[in-house]
Amino acid sequence: MAAKKACESFSKTLIEEVHRWGCMKQTGVSLRYMMEFGSKPTHKNLLISAHFLHKELAIRIARRAIELERLPYGLSAKPAVLKVRNWYLDSFRDLRSFPEIKDMNDEKEFTQMIKAIKVRHNNVVPTMALGVQQLKKDMDPKIVYGDLHEIHQFLDRFYMSRIGIRMLIGQHVELHNPNPPPDCVGYIHTKMSPVEVARNASEDARAICLREYGSAPDVNIYGDPSFTFPYVPTHLHLMVFELVKNSLRAVQERYMDLDKVAPPVRIIVAEGIEDVTIKVSDEGGGIPRSGLPKIFTYLYSTAKNPLDEYLDLGTGAEMVTMAGYGYGLPISRLYARYFGGDLQIISMEGYGLQCPYAGTDAYLHLSRLGDSQEPLP
């Protein structure tokens, strides 16, 4: 009934068009292509980009809208999921109703329209998280969440697609910036220092730890600050922030009731021929081996879920808390994989403080070649 009601505002013609466009082939791009194409944001190139996005975004958004109506276990009918699906249908309608882009005036209007689409989708992650919470509350507690492979696979595809859509829109919008930062091509920094980004992300994570616990372990960073390579700093910041945040929480909770000084979290940046590897290492006691498979699932978190407190997601700002969604690690891994990298977690569990070095090592691999195509779900 709820699903039927949600579709009443969308015409049958529109829904049929969504299904037609959802069958079309997606076209992936690489970091290198985005960088080379965007280095000359001439009127001609901006028009080419707008023509590409006019079609490509409609295809990608249609695919996700179709998936959102076919989810197992009744997830599609949850109010939060219906809200997300409506955002996708609204965005598809905006794209398809926009006329052919013939000149720069059309291109500027198109750019404003896709910018509004990006804002509309700002709260997709917490709203989908709320939908999954609504599902969990209604499910038989005997069901093991790790066994819900279809939901995990859907969320992986869904969030990977979201990363790509936001990257394409953000890159096109940023190419209109009349005063781009030095060495930046849209979202891409051609001379990004991973040590500098790691430092900024660590400071942000420590600030949240201080706010939540009243104190925070130190973070020591090792690596050459002058080393640079082309990458998207906002993506790297998000990934390192998440890893350091988890490490700080583990160390803080292990040591906060003791007189001992909490050991620092260590970040090591290693420059390889193919990859840049960032290792985040802590002595927070580690994760039991049985828990390791769960850390990359979307229905698992060791922390209290913040959505239990913030059920009104009508605000524009995405919430940042110390922990809770259980989404940080799986989404960070998707960001790493988007440009051909990966994220691995290795843990050494130790009970109590008789094992002082027990903790977790996270290895974030970033491809420095920039040639891999977007993984298109």
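What counts and how
Residues numbered from 1 in each chain as written. Predicted model: local features only at pLDDT ≥ 70, side-chain atom pairs only at ≥ 80, totals over all residues. Heavy atoms only, no water. Helix = DSSP H or I, 4+ residues; strand = E, 2+ residues; numbered from the N terminus. Buried < 20%, exposed > 50% of the residue type's maximum accessible area, 1.4 Å probe, protein only. Areas by Shrake-Rupley, 256 points an atom, 1.4 Å probe, with all protein chains shown as cover. Pairing = 2+ DSSP bridges. Axes fitted to C-alpha atoms, helices over the stretch in contact; angles between N-to-C directions. Contact = heavy atoms within 4.5 Å. Core = buried A, V, L, I, M, F, W, Y, C linked by side-chain atoms within 4.5 Å. Expected span 1.5 Å × (residues − 1). pLDDT = per-residue confidence, 0-100. Salt bridge = Lys/Arg side-chain N within 4 Å of Asp/Glu carboxyl O.

Asker: What should I look at first to understand the overall build of the chain in this one?
Answerer: Looking only at helices and strands, the chain features 11 helices and 8 strands. Every one of the 377 residues in the chain was classed for burial, and the buried ones make up 51%. Here the chain displays about 18100 Å² of accessible surface, and carbon together with sulfur accounts for 54% of that area.

Asker: Would you take a moment to explain the pairing of strand β7 (residues 342–348) for this structure?
Answerer: Along a regular strand, successive side chains alternate from one face of the sheet to the other. Of the two faces of β7, only the one carrying L343, I345 and S347 is buried; D342, Q344, I346 and M348 on the other face are not. In terms of strand pairing, β7 meets strand β8 (residues 359–367) through 7 bridges, oriented antiparallel. Across the sheet, Q344 pairs through a bridge with Y363, a residue of β8.

Asker: Help me understand the pairing of strand β6 (residues 275–281) in this model?
Answerer: Counting buried positions along β6 gives 5 out of 7 residues, so the element sits mostly inside the fold. Two successive antiparallel strands, strand β5 (residues 265–271) and β6, enclose a turn made up of 3 residues. Note: β6 against β8, 7 bridges, orientation antiparallel. Within the sheet, the bridge partner assigned to K279 lies in β8 and is Y363.

Asker: Can you help me understand the sheet that holds β7 in this one?
Answerer: Either a parallel or an antiparallel arrangement is found when strands of a sheet pair, and the pairing is made through backbone hydrogen bonds. Strand order across the open sheet formed by 5 strands is β3-β5-β6-β8-β7, with mixed pairing between neighbours. One side of each edge strand has no neighbouring strand; the edge strands of this open sheet are β3 (219–222) and β7. Across the sheet, the mean angle separating the axes of adjacent strands is 15 degrees when strand polarity is ignored. Contacts between helix α9 (residues 194–213) and the sheet are confined to β3, β5 and β6, with β3 contributing the most and set at about 175 degrees to the helix. Against the sheet, helix α11 (residues 328–338) engages β7 and β8, with an angle of about 135 degrees to β7.

Asker: Hey, could you run me through the nonpolar core in this one?
Answerer: In terms of nonpolar packing, the biggest core is built from 106 residues, with M128, Y159, L236 and L364 touching the most fellow members. Apart from residues no more than four positions distant in its own chain, L364 is found in contact with L236, M239, V240, L243, V276, T277, I278, A336, D342 and L343.

Asker: Explanation requested: the sheet that holds strand β4 (residues 229–231) in the structure shown.
Answerer: Spatially, the 3 strands line up as an open sheet ordered β1-β2-β4, and their pairing is antiparallel. Each end of this open sheet is capped by a strand with a single partner; those strands are β1 (184–185) and β4. Seen against the sheet, helix α3 (residues 31–38) touches β1, β2 (188–192) and β4 and runs at an angle of roughly 95 degrees to β2.

Asker: Just to check I follow, could you spell out the side chain of H172 for this structure?
Answerer: Examined against the element boundaries, H172 turns out to sit in helix α8 (residues 149–174). Ignoring anything within four residues of it in the chain, the contact list for H172 reads L46, S49, A50, L53, E107, T111 and I114.

Asker: Please explain the environment of A77 as it appears in this structure.
Answerer: Topologically, A77 is positioned in the loop between α4 (43–68) and α5 (79–97). Distance in space between the C-alpha atoms of A77 and L135 is 9.5 Å, their sequence separation being 58 residues.

Asker: Is there a simple way to explain α8 in this structure?
Answerer: Because each turn of an α-helix spans 3.6 residues, side chains separated by three or four positions in sequence point in the same direction. In this model, α8 (26 residues) spans 37 Å end to end at C-alpha, consistent with the 38 Å of a helix rising 1.5 Å per residue. The buried fraction of α8 amounts to 20 of the 26 residues, a majority that puts the element mostly inside the structure.

Asker: Sorry if this is basic, but what is going on with the confidence of the model for the chain here?
Answerer: Close inspection of predicted coordinates is inappropriate in any region flagged by low pLDDT. Residues of the chain with pLDDT of at least 70 account for 88%, and the chain-wide mean is 87. The least confident element of the chain is helix α1 (residues 2–7), whose mean pLDDT is 47; the most confident is β3, at 98. The model gives residues 1–7 a pLDDT under 50, and that stretch makes 6 contacts with residues more than four places away or in other chains. Note on residues 308–324: pLDDT is under 50 here. Beyond four places in sequence and across chains, it has 46 contacts.

Asker: Explanation requested: the pattern of salt bridges in the structure shown.
Answerer: When their charged atoms lie close together, side chains carrying opposite charge are able to pair. Going through the model one piece at a time under the given rule, you end up with 17 salt bridges. In this structure, D342 engages R337 in a salt bridge whose closest nitrogen and oxygen atoms are separated by 3.0 Å. Residue D342 is classed as partly exposed on the basis of its relative accessible area, which comes to 23%. Judged by relative accessible area, which is 35%, R337 ranks as partly exposed.

Asker: Is there a simple way to explain unusual backbone geometry in this structure?
Answerer: As a rule of thumb, non-glycine residues mostly have phi less than zero, and peptide bonds are mostly trans rather than cis. We note that Y73 has phi near 60 degrees; this positive angle belongs to a residue other than glycine. Relative to the assigned elements, Y73 resides in the loop between α4 and α5. Even without being a glycine, D183 presents a positive backbone phi close to 65 degrees. On the basis of relative accessibility, which here comes to 39%, the residue D183 falls in the partly exposed class.

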